[in-house]
Amino acid sequence: MKLLVCGGAGFIGSNFVRARVSEFGDEVTVLDKLTYAGRKENLEGIDHRFVHGAIEDPASVADAIRGAEAVVNFAAETHVDRSISEPDAFVRTHSLGTFVLLEAAREHSLRYLQVSTDEVYGSIESGSFTEESPLEPSSPYSATKAGADLLVQSYSRTFDLETVICRGSNNYGPYQYPEKLIPLMILNALHGDQLPVYGDGQQVRNWLHVSDFCSGIGRVLEQGASGEVYNVGGPDECANLEVVERIIEMTGADPALLTYVTDRPGHDRRYSLSSEKIKALGWEAQHQFAQGLAETVAWYQEHAAWWEPIRSGDYRAYYERQYGKSLG
Ligand code: NAD
Ligand code: DAU
């Protein structure tokens, strides 16, 4: 396929582009704004065309979309904590950006896949969200992602645009920016920095290896029914405290580094997705969390050249603002 992949220089997008080019021989154009989270290095060695630009910029989109047969949109601001401290870019990218992309897909009559999140459903005490569950987002991140999903569905219903939406649960794996729980804890553990657990640490996340999310997105891109939403959930649920304890064990860090810090405002207690609908298309997660986490710890231990420039750059200032502490 000839794909336009927006946000392809980020964590999940770059894993997706790598898999599509190497396993499926797809011709890929990446459109990416290269925010703090986007890095061209993530795409090193992968054959692709790169367009540096924002999805909310019609000229960049018009350039990038030339020759494409389908659009896959990963482009987003993705960190919940940043959406609380600086929500502006979330509104611009998710609302205006998704609109500009949908207009371009409509003009060229292209199939459009929106990469979305389980966070649009809000928090669930017991059981799992299905695709029919109501949208009850808690943060500016999830609210603007939910708005984007609704806009996508409106283009399917109103303009007959071929659209599909994939809602993934918490991803982990190689190339994830260290602001997120797992890489933050791995790198802090390796450096002897504090391991900051929000609140009581009993919040539960449904962990999905990034390669499983990418294979799910590929499956829905090829076989998903137009106008439909597909949940893509991981096989395991785990409380944050247990994730951190496992990382301490795997890295041999001092358990005294674990520190309880002020909770995130509006913190969702538990996410859990039912993935029966995508399983009916033949998809299944291949990675159990215990094994995937051990592989991820090993990847960060072996790829200091990837994370050292991040950890010594702007990320330090962000960390100080967010945690009121300096990295060692
Ligand atoms: P990321 O933050 O690592 O990467 C986002 C990418 O989008 C970066 O390359 C960034 O430069 C680019 N980008 C941001 N704003 C842009 C704009 N206006 N125009 C063009 N490019 C822009 O994010 P990720 O974790 O890889 O997430 C990718 C997608 O998957 C997002 O849509 C996110 O909501 C969704 N998602 C993430 C997870 C997760 O656990 N990380 C789970 C489910 C869904
Ligand atoms: O569920 C899918 C979502 O997963 C994606 O849509 C988001 O883009 C992605 O960032 C992620 O959101 P979370 O808020 O769940 O991920 P995060 O890694 O920020 O936090 C995971 C859990 O760990 C959450 O309960 C908050 C907690 N946490 C996080 C950090 C960064 C801590 O306790 N300490 C921390 O320092």
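Residues numbered from 1 in each chain as written. Chains lettered and ligands numbered in written order. Predicted model: local features only at pLDDT ≥ 70, side-chain atom pairs only at ≥ 80, totals over all residues. Heavy atoms only, no water.

- Per its UniProt entry, the chain bears the Cofactor (unreviewed entry) comment "NAD(+)". (UniProt positions renumbered as here; feature names shortened; annotations may be inferred.)

### Remarks on the side chain of Ser116
- For Ser116, the position within the fold is in strand E5 (residues 111-117).
- Setting aside residues up to four positions removed in sequence, Ser116 forms contacts with Lys145, Asp149, Ile165, Cys166, Arg167, Gly168 and Phe213. (Helix = DSSP H or I, 4+ residues; strand = E, 2+ residues; numbered from the N terminus. Contact = heavy atoms within 4.5 Å.)

### Looking at the sheet that holds strand E11 (residues 236-239)
- Pairing is mixed in the open sheet, where 3 strands are placed in the order E7-E9-E11. Since the sheet does not close on itself, it has two edges, and those belong to strand E7 (171-172) and E11, each with one partner.
- Sheet topology note: the E7/strand E9 (residues 204-209) ladder contains 2 bridges and is parallel. When the bridges of E9 are listed, Asn171 appears paired with Leu208.
- Its contacts with the sheet put helix H8 (residues 240-251) on E9 and E11, and the angle it makes with E11 is roughly 90°. (Pairing = 2+ DSSP bridges. Axes fitted to C-alpha atoms, helices over the stretch in contact; angles between N-to-C directions.)

### Some remarks on the site of ligand 2
- Taken together, 22 residues form the shell around ligand 2, and within it Asp118, Tyr141, Asn170, Arg264 and Tyr323 come nearest.
- Here Asn170 contributes a side-chain N or O atom positioned 2.6 Å from an oxygen atom of ligand 2.
- Examining the composition of the shell around ligand 2, we find that 3 residues originate from one element, strand E8 (residues 195-198), more than from any other.
- Of the domains in this structure, domain 1 (2-171 + 208-232) and domain 2 (173-205 + 235-266 + 287-313) are the two that each give at least three residues to the shell around ligand 2. (Near = heavy atom within 4 Å. Polar contact = N/O pair within 3.5 Å; in protein donor to acceptor, adjacent residues only side chain to side chain. Domains from an automatic or database assignment.)

### Description of the UniProt feature "domain: NAD(P)-binding" (unreviewed entry) in the chain
- The UniProt record marks residues 4-296 with the feature "domain: NAD(P)-binding" (unreviewed entry), using the residue numbering of this structure.
- Along residues 4-296 one finds 40% helix and 19% strand; the C-alpha atoms at either end are 28 Å apart.

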